[in-house]
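# Descriptive analysis of the structure
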Amino acid sequence: MTPLIITRVSVAFLLVAWSFLDYGFVRGSYGAVLPDFWNLVVILLLTLLLMIPSLVFLPLWILPELLRKWKAGIRRSRCCCPECGQALENIGDICLECGPLNDRNGPDDRSLFLSCLTIWLGCWLVGSIAGESIARLDEHQFIQSQEGQSDATLSRERWKPFWGSLHWDEQTATAQATLHEY
Ligand SMILES: [Zn+2]
């Protein structure tokens, strides 16, 4: 395991956990039980909004490229080869060690930005899908335990770590959700 892999695994784990917990909070406060497609879209978008602060961790994902670019920028400003640091006559020269400079730019800013955006959105989806799966299992289990039982408990908390509680309305025979404790 190289430090880069450990860093990337940690960043991905952090983002998935962030998304999962945000999803649980939004799902609990939204109040819907077994939400339909459009409610799911709203919950997903609210979760994405809550994930915006986690963007500060994304530079860790491309840390080696950022350090390399930073070092190359300093070398270029001193009229040196951005790769090996050897002094050049003019910027845009051919380095005796590395060859033409333009061939050695590495990943450009756009592809770095896209890889960060992809990993961020990917972690958002994985955390949200995990959150939705657990919330649905929880709600199915609650509804099944209520149906056909007159002495069942009418309210209980959602499974941890989700926020809120589930309630059973005997008159309409439907489940409802609230954020507060029962
Ligand atoms: Zn060079």
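In the block above lies the structure referred to throughout.
A brief structural summary. (Residues numbered from 1 in each chain as written. Predicted model: local features only at pLDDT ≥ 70, side-chain atom pairs only at ≥ 80, totals over all residues. Heavy atoms only, no water.)

Here we come to the side chain of D22. Relative to the helices and strands, D22 is located in helix 1 (residues 3–30). When residues no more than four places from it in sequence are discounted, the contact partners of D22 are T47, L50 and M51. (Helix = DSSP H or I, 4+ residues; strand = E, 2+ residues; numbered from the N terminus. Contact = heavy atoms within 4.5 Å.)

The subject of this paragraph is the nonpolar core. One finds L15, L58, W61, I62, I119, W120 and C123 to be the most contacted residues of the largest nonpolar core, which totals 14 residues. Elements represented by at least two residues in this core include exactly helix 1 and helix 4 (109–146). Considering each element in turn, this core owes the most residues, six residues, to helix 4. Apart from residues no more than four positions distant in its own chain, I62 is found in contact with R8, L112, S115 and C116. (Core = buried A, V, L, I, M, F, W, Y, C linked by side-chain atoms within 4.5 Å. Buried < 20%, exposed > 50% of the residue type's maximum accessible area, 1.4 Å probe, protein only.)

So, about the environment of S165. Position of S165 among the secondary structure elements: in strand 4 (residues 165–169). By relative accessible area, which is 0% here, S165 ends up buried. Residues S165 and C84, 81 residues apart in the sequence, show an inter-C-alpha distance of 61 Å.

Here the focus is the coordination of the zinc ion. Only C81 (SG), C84 (SG), C95 (SG) and C98 (SG) from the protein coordinate the zinc ion, and they sit 2.2 to 2.3 Å from it. Geometry at the zinc ion is tetrahedral, judged from its four donor atoms and the angles of 105 to 115 degrees they form at the metal. In primary-sequence terms, the residues that donate to the zinc ion follow C-x2-C-x10-C-x2-C. Here the residue C84 occupies a position in the loop between helix 3 (63–77) and strand 1 (94–95), and C95 occupies one in strand 1, the gap between them amounting to eleven residues. (Donors = N, O, S within 2.8 Å, 3.2 Å for Na, K, Ca; no water. Tetrahedral: all angles 85-135°; square planar, octahedral: opposite > 155°, others 65-115°.)

Within strand 4, four of the five residues are buried, which leaves the element mostly enclosed by the surrounding structure. Pairing geometry for strand 3 (residues 155–157) and strand 4, over three bridges, is antiparallel. Of the residues in strand 4, the one forming a bridge with E157 is S165. Where strand 4 meets strand 5 (residues 174–178), five bridges bridge the pair, whose relative direction is antiparallel. Across the sheet, the residue bridging to D169 is T174, located in strand 5. If you look at the hairpin formed by strand 4 and strand 5, you'll find four residues sitting between the two strands, and A173 has a positive phi there, around 55 degrees. (Pairing = 2+ DSSP bridges.)

Two elements in contact, helix 2 (residues 37–50) and helix 4, have axes whose closest approach is 11 Å; the angle formed by their N-to-C orientations is 130 degrees. Of the possible angle classes, the one that applies to helix 2 and helix 4 is oblique. Here helix 2 and helix 4 pass one another in a crossing that is right-handed. Mapping the contact onto sequence places L40, L44, T47 and L48 in helix 2 and W120, L121, W124, S128, E132 and R136 in helix 4. In terms of residue class, the contact of helix 2 with helix 4 is built from six nonpolar, two polar and two charged. (Axes fitted to C-alpha atoms, helices over the stretch in contact; angles between N-to-C directions. Parallel < 35°, antiparallel > 145°, perpendicular 65-115°, else oblique. Left-handed = near helix turned anticlockwise from the far one by under 90°. Nonpolar A, V, L, I, M, F, W, Y, C, P; charged D, E, K, R; others polar.)

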